[in-house]
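# Fold and contact review
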Amino acid sequence: MNRRLPWGPMARLTGRRILFAAPVLAAVTFGVFAIAAASPFDPVKAYAGTAGLTASQENLDQLRANLGVDRPLPARWWEWLTSALSGDLGDSAVLRQPVADVIAQRLGWSALLAATAFLLAIALGTLLGVLAARRRGGPLDRAVTSLAYTLEAAPPFWLGLLAVWLFALRLGVLPAGGLTDTGSATVSAAQVLSHLVLPAGVLGLSQLPWFVLYVRQGVGDALDEDPVRGARARGLAPRTVLFGHALRSGTLPVLTLIGSRVPELITGALLVETVFSWPGIAAATVQAATAVDFPLLAALTVLATLAVLAGNWAADLLYGLADPRVGFDG
């Protein structure tokens, strides 16, 4: 008999998270405006570029008024917030286009990179963690855990530069960066796939250690539990015991890890996109930060905060579905 999904508790959990997200997002956006206002970078000079070097103070003051950066911090933040709630995210001063267009053009490529890397890290991390937990202390376990700790200490940008040197420059088997081949006027699925291999692989490797270590610990502990020992005593095949019983019980903590890794995934994606010139939101984020582009910076920060909140919500939801003893109201 199939167990019915607990729609009521799931809806209550979602409702609580939405109510919690509203003040968090408001505080985060205000913090962005406050930090940007205290930044030593001048948004007017960034907007004017080289022309600002010879412009008169009167022209600079007029440009400052046109950009709205001469008003008090609370007024700028409130105007942006009320406009954003109505669907108007404003215009990016540094990219000279609506913020909504900037996000629409770049978000899909960032999502593709992050999703591919995350799925790779989960699949490969689960496999290596199970193999390591099968005989803890053995040669394979020591090799896998050593690899995990080595990758954990390696910065994503360093892994990216190493991958470019090895696979693009030394071996010449994969493109070094970008989205399409040099000189290509069209974007084809084959080109995108070939250009995705290195950045997704590097980003996935940067997330791999946590999944390997969590799965190894969880499955290893599950192999010592009475239900799994009972399954082994009943004569079930070792593969069935490992993947059908120990893996199911031992990977529950990994569900909470999925949500907690989202901030690290976002940070890693920004670095990896920069190394491989991937046309995601990394370049826009860097430009928005250095040019103190208030509308774009606030929108991108809200986007990252939403991703973190959504990851935590999904982790709690999956954990509640996987283990009914925990529930959704605890």
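## Observations regarding the overall build of the protein chain
In terms of regular secondary structure, the protein chain is built from 14 helices and two strands. With the model as given, the accessible surface of the protein chain reaches about 17900 Å², and the carbon-plus-sulfur share is 65%.

## Focus: a nonpolar patch on the surface
On the surface, F157, W158, L161, L162, W165, L169 and L271 cluster together into a nonpolar patch covering about 730 Å² of accessible area. A per-element tally of the nonpolar patch places helix α7 (residues 156-170) first, with six residues. With respect to the helices, strands and loops of the structure, L162 is situated in helix α7. Residue class for L162 comes out partly exposed when judged on its relative accessible area of 38%.

## Focus on the packing of α7 against helix α12 (residues 262-276)
Packed helices, taken two at a time, are described by their axes: the angle between them and the distance between them. Contact geometry of α7 with α12 gives a least axis separation of 9 Å together with a crossing angle of 30°. As summarised for this structure, α7 and α12 are arranged roughly parallel, according to the angle between their axes. Seen from above, α7 lies across α12 with right-handed handedness. The residues of α12 that touch α7, namely those facing P156, F157, G160, L161, A163 and V164, are G268, L271, V272, V275 and F276. By residue class, the composition of the contact of α7 with α12 is nine nonpolar, two polar and no charged.

## Let's talk about the packing of helix α6 (residues 139-153) against helix α8 (residues 189-223)
With their axes 8 Å apart at the nearest point, α6 and α8 run at an angle of 140° to one another. If you check the angle between α6 and α8, you find them oblique. For the crossing formed where α6 meets α8, the hand is left-handed. For the pair α6 and α8, the contacting residues are D141, V144, T145, A148, Y149, L151 and E152 in the first and L205, L208, P209, W210, V212, L213 and R216 in the second.

## Some details on the packing of aromatic side chains
Where two aromatic rings form a pair, the distance of their centres and the angle of their planes describe that pair. Across all of its chains, the model carries four aromatic pairs by this definition. Relative to W78, the ring of W77 lies with its centre 6.0 Å away and its plane at 55°, an arrangement referred to as tilted. With a relative accessible area of 15%, W77 lands in the buried category. Judged by relative accessible area, W78 falls into the exposed class, the value being 52%.

## Here we look at the side chain of T305
Its location among the elements puts T305 in helix α14 (residues 294-322). Of the residues examined, T305 reaches a relative accessible area of 14% and is grouped as buried. A distance of 2.8 Å separates a polar atom in the side chain of T305 from the backbone oxygen of T301. Filtering out sequence-adjacent residues up to four positions away, T305 remains in contact with V24, L25 and V28.

## A short note on unusual backbone geometry
With a phi angle near 60°, R96 is a residue other than glycine that sits in the positive phi range. Counting through the fold element by element, R96 comes out in the loop between β1 (91-92) and β2 (97-98). Residue classification places R96 among the exposed residues on the basis of a relative accessible area of 52%. The backbone of S277 shows a phi angle near 50°, a positive value even though the residue is not glycine. Relative to the helices and strands, S277 is located in the loop between α12 and α13 (282-290).

## Section: the pattern of salt bridges
Any two side chains of opposite charge can pair, on the condition that their charged atoms come close. Tallied over the full model, the rule gives one salt bridge. Between D141 and R216 there is a salt bridge, with its nearest N and O atoms 2.6 Å apart. Here D141, found in helix α6, pairs with R216, found in helix α8; they are 75 residues apart in sequence, far enough to count as distant. Exposure class is identical for D141 and R216. Each is buried.

## Some remarks on the side chain of T29
You can see T29 is positioned in helix α1 (residues 7-38). For T29, a relative accessible area of 2% gives the class buried. At a separation of 2.8 Å, a polar atom in the side chain of T29 contacts the main-chain carbonyl oxygen of A26. The contact partners of T29, leaving out residues within four places of it in the chain, are W77, W80 and V302.

## Things to note about the nonpolar core
Of all hydrophobic cores here, the largest spans 45 residues; its most connected members are L113, L203, F211, V219 and F276. Elements with a contribution of two residues or more to this core: α5 (99-134), α6, α7, α8, α10 (238-250), α11 (252-260) and α12. With 14 residues, α8 is the single largest residue contributor to this core. Aside from chain neighbours lying at most four places away, what touches V219 is V130, A133, L242, A246, L247 and G250. Listed in part, the 22 residues of the second largest apolar core include F33, W77, I103 and A298.

## Comments concerning the environment of V24
Tracing the chain through its elements places V24 in helix α1. Distance from V24 to L306, taken between C-alpha atoms, is 9.7 Å for residues 282 residues apart in sequence. Those residues in contact with V24 that sit more than four places away from it in its chain are T305 and L309.

Cut-offs applied
Residues numbered from 1 in each chain as written. Predicted model: local features only at pLDDT ≥ 70, side-chain atom pairs only at ≥ 80, totals over all residues. Heavy atoms only, no water. Helix = DSSP H or I, 4+ residues; strand = E, 2+ residues; numbered from the N terminus. Areas by Shrake-Rupley, 256 points an atom, 1.4 Å probe, with all protein chains shown as cover. Patch = residues over 30% accessible without salt bridge, like charges linked within 9 Å, V, L, I, M, F, W, Y side chains within 5 Å. Salt bridge = Lys/Arg side-chain N within 4 Å of Asp/Glu carboxyl O. Buried < 20%, exposed > 50% of the residue type's maximum accessible area, 1.4 Å probe, protein only. Axes fitted to C-alpha atoms, helices over the stretch in contact; angles between N-to-C directions. Parallel < 35°, antiparallel > 145°, perpendicular 65-115°, else oblique. Left-handed = near helix turned anticlockwise from the far one by under 90°. Contact = heavy atoms within 4.5 Å. Nonpolar A, V, L, I, M, F, W, Y, C, P; charged D, E, K, R; others polar. Phe/Tyr/Trp six-rings, centres within 6.5 Å; stacked < 30°, edge-to-face > 60°. Polar contact = N/O pair within 3.5 Å; in protein donor to acceptor, adjacent residues only side chain to side chain. Core = buried A, V, L, I, M, F, W, Y, C linked by side-chain atoms within 4.5 Å.

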